Amino acid sequence: MTRVASGASVLVTGGAGYIGAHTAQALSARGYRPVVFDNLSSGFREATRWGELVEGDIRDPAALRRAMQTHGVEAVIHFAGLIEVGRSVASPDLFWEVNVAGTTSLLTAMREHGVARLVFSSSAAVYGQAGIGPLETIPEAARKAPSSPYGDTKLACEWMISAQCRAYGLSAVALRYFNAAGADPSGIIGEAHEPETHLIPLAIAAGLGDGKPLTIFGDDFDTPDGTCLRDYIHVNDLAAAHIAALEVDLAACAFEAVNIGTGQGRSVREVVQAVARALGRPVPHATGPRRAGDPTSLVADPTRARELLGWEPACSSLDEIVRDALRWEGQPAYGAGSRSARKI
Ligand code: UFG
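Residues numbered from 1 in each chain as written. Predicted model: local features only at pLDDT ≥ 70, side-chain atom pairs only at ≥ 80, totals over all residues. Heavy atoms only, no water.

Chemist: Just checking my understanding: could you explain the site of the ligand for this structure?
Modeler: Taken together, 19 residues surround the ligand, and among them Leu199, Thr215, Arg230, Arg291 and Asp294 come closest. Between the ligand and His198, the relevant distance is 2.9 Å, taken from an oxygen atom to a side-chain nitrogen or oxygen of the residue. Separating a nitrogen atom of the ligand from a backbone N or O atom of Thr215 is a distance of 2.7 Å. Notes on the ligand: free accessible area 700 Å², of which the protein chains cover 89%. Mapped by element, the contributors of at least two residues to the shell around the ligand are helix H6 (199–208) and strand S8 (214–217). When its residues are assigned to classes, the shell around the ligand shows twelve nonpolar, four polar and three charged. (Near = heavy atom within 4 Å. Polar contact = N/O pair within 3.5 Å; in protein donor to acceptor, adjacent residues only side chain to side chain. Areas by Shrake-Rupley, 256 points an atom, 1.4 Å probe, with all protein chains shown as cover. Helix = DSSP H or I, 4+ residues; strand = E, 2+ residues; numbered from the N terminus. Nonpolar A, V, L, I, M, F, W, Y, C, P; charged D, E, K, R; others polar.)

Chemist: Where do I start with the sheet that holds strand S11 (residues 255–260) in this structure?
Modeler: As a general point, the strands of a sheet are linked pairwise by backbone hydrogen bonds and lie either parallel or antiparallel. Across the sheet, which stays open at both edges, the seven strands sit in the order S3-S2-S1-S4-S5-S6-S11 with parallel pairing between neighbours. The open sheet has two edge strands, strand S3 (52–55) and S11, and neither has a second partner. Going across the sheet, the axis of each strand differs from the next one's by a mean of 20°, ignoring polarity. In the sheet, strand S1 (residues 9–13) pairs with strand S4 (residues 73–78) via five bridges, with the strands oriented parallel. (Pairing = 2+ DSSP bridges. Axes fitted to C-alpha atoms, helices over the stretch in contact; angles between N-to-C directions.)

Chemist: How should I be thinking about the nonpolar core in this particular structure?
Modeler: The nonpolar side chains of soluble globular proteins are, as a tendency, buried together. In this structure, Leu175, Leu246, Ile260 and Leu309 are the most contacted members of the largest nonpolar core, which totals 33 residues. Breaking this core down by element, the ones donating at least two residues are S1, helix H1 (18–29), S4, strand S6 (171–177), helix H7 (235–247), S11 and helix H9 (303–309). When near neighbours in sequence (up to four residues on either side) are disregarded, Ile260 contacts Leu175, Arg176, Tyr177, Phe178, Ile233, Leu238, Ala241, Ala305, Leu309 and Trp311. Judged by nonpolar contacts, the second largest core, of 29 residues, contains Val35, Ile58, Leu106 and Ala109. (Core = buried A, V, L, I, M, F, W, Y, C linked by side-chain atoms within 4.5 Å. Buried < 20%, exposed > 50% of the residue type's maximum accessible area, 1.4 Å probe, protein only. Contact = heavy atoms within 4.5 Å.)

Chemist: Help me understand the sheet that holds strand S14 (residues 297–298) in this model?
Modeler: Strand order in this open sheet of three strands is S12-S9-S14, and the pairing throughout is mixed. A strand with exactly one partner marks an edge of an open sheet, and here the two such strands are strand S12 (266–267) and S14. With two bridges connecting them, strand S9 (residues 229–230) and S12 associate as antiparallel partners. Pairing of Arg230 across the sheet is with Arg266, part of S12.

Chemist: Could you clarify how one ought to interpret the environment of Asp222 in this entry?
Modeler: Position of Asp222 relative to the elements: it lies in the loop between S8 and S9. With near-sequence residues (within four places) excluded, Asp222 lies in contact with Pro134 and Thr296.

Chemist: How should I be thinking about the side chain of Thr103 in this particular structure?
Modeler: Within the secondary structure layout, Thr103 lies in helix H4 (residues 92–113). Take Thr103: its relative accessible area is 1%, and that puts it in the buried class. Residues within four places of Thr103 in sequence aside, it is in contact with His78, Val98, Phe120, Cys157, Met160 and Ile161.

Chemist: So what exactly am I meant to see when it comes to H4 here?
Modeler: Note: α-helices contain 3.6 residues per turn, so residues at a spacing of three or four share the same orientation. Along its 22 residues, H4 runs 31 Å from first to last C-alpha, staying within 8% of the 32 Å computed at 1.5 Å per residue. The complete set of buried residues in H4 reads Phe95, Val98, Asn99, Val100, Gly102, Thr103, Ser105, Leu106, Leu107, Ala109 and Met110. The first or second residue beyond H4 is Gly114, which carries a positive phi of 75°. (Expected span 1.5 Å × (residues − 1).)

Chemist: When you look at the packing of H4 against helix H5 (residues 149–168) in this model, what are you seeing that I'm missing?
Modeler: Working note: a packed helix pair is described by the angle between its axes plus the distance between those axes. Direction vectors running N to C along H4 and H5 enclose 20°, while the axes themselves pass 9 Å from each other. Judged on the interaxial angle alone, H5 and H4 are roughly parallel. Helix-helix and strand crossings are classified by hand; for H4 and H5 the assignment is right-handed. Contacts between H4 and H5 involve Pro92, Phe95, Trp96, Asn99, Val100, Thr103, Thr104, Leu107 and Arg111 from the former and Pro149, Tyr150, Asp152, Thr153, Ala156, Cys157, Met160, Ile161, Gln164 and Tyr168 from the latter. Looking at side-chain class alone, the contact of H4 with H5 contains twelve nonpolar, five polar and two charged residues. (Parallel < 35°, antiparallel > 145°, perpendicular 65-115°, else oblique. Left-handed = near helix turned anticlockwise from the far one by under 90°.)

Chemist: Looking at this structure, how should I read H7?
Modeler: Here H7 is 13 residues long and its end C-alpha atoms lie 19 Å apart, about the 18 Å a rise of 1.5 Å per residue gives. Counting buried positions along H7 gives twelve out of 13 residues, so the element sits mostly inside the fold. When we look at burial in H7, the residues that qualify are Val235, Asn236, Asp237, Leu238, Ala239, Ala241, His242, Ile243, Ala244, Ala245, Leu246 and Glu247.

Structure, rendered in structure tokens:
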């Protein structure tokens, strides 16, 4: 059995990004020493408040080896990668290079440095149109039919990691996130993507009058109110899942893929209503056509996370997620003092 003890130094690739920063905070609170490894291409220096920041690219194994050596790294949580689904359709080569070749480079550096535990950021995007009915939850064994090169690269990474676990005695957990949302209640770290495409920040911006009215992408899906169903999971619950995956007893060579979601599907209209409730005013919106590649429903069967990791969501009610997302959106900006200048 291998496990990582509290106090260990943990390399967090992509730790300046949204989920990475929240996980670095959770690691630090739990007594680990997070070392953030990030090239700051989409993450933010201001988000790296927990542990040292090493600027580097995951495609550079020498830089990874140096970071592992300097900091005596004992485990890795691997977030670094490209995430925009639309961009992956336009530039699949880039996604394979950063996500897949970057993960190969990381695995090589881990092997050379003798790091035997990995937690990998995977995604519900590996399922795509899983062939599951709109009101059914998706178990890990469901058919994998990614609907974008982004999803393809996450699935390819899972296969590669699994094969390297068997070949080299590594143990790894791939966490298949459903819809990460919300922010730390402190309001000091949160979600910021450029451009922002995610539903909750866009609905908040529309409600605050900071953005365009929200477009609901299709209301003719086979769901109770005609809009898509998603499983929204608070980013701090996601961070806790990473700690659980780091600490779980696993045999050498073991690879586990685990859904991280609540098991509850929420429609786009329900999210819009929750944002309006939190703001105390309506969210201007209109219905538009479907967005290409959007599955009707993506809702986790979270049984495996409970059984293997002992993990359950603690703060992922829709109202709690929206409340924390709103607190983050309402904070003064880093540095420049404007919301649009704040960049985590
Ligand atoms: N939506 C709208 N209007 C918007 C934005 C989103 O109606 O302006 C809808 C989408 O159609 C979808 C739901 O809100 O039904 C959620 O959309 P998001 O863009 O917030 O999230 P996705 O479900 O598209 O994306 C998530 C992760 C991705 C991952 C993808 C896998 O954020 O990283 O699931 O399908 F790749």
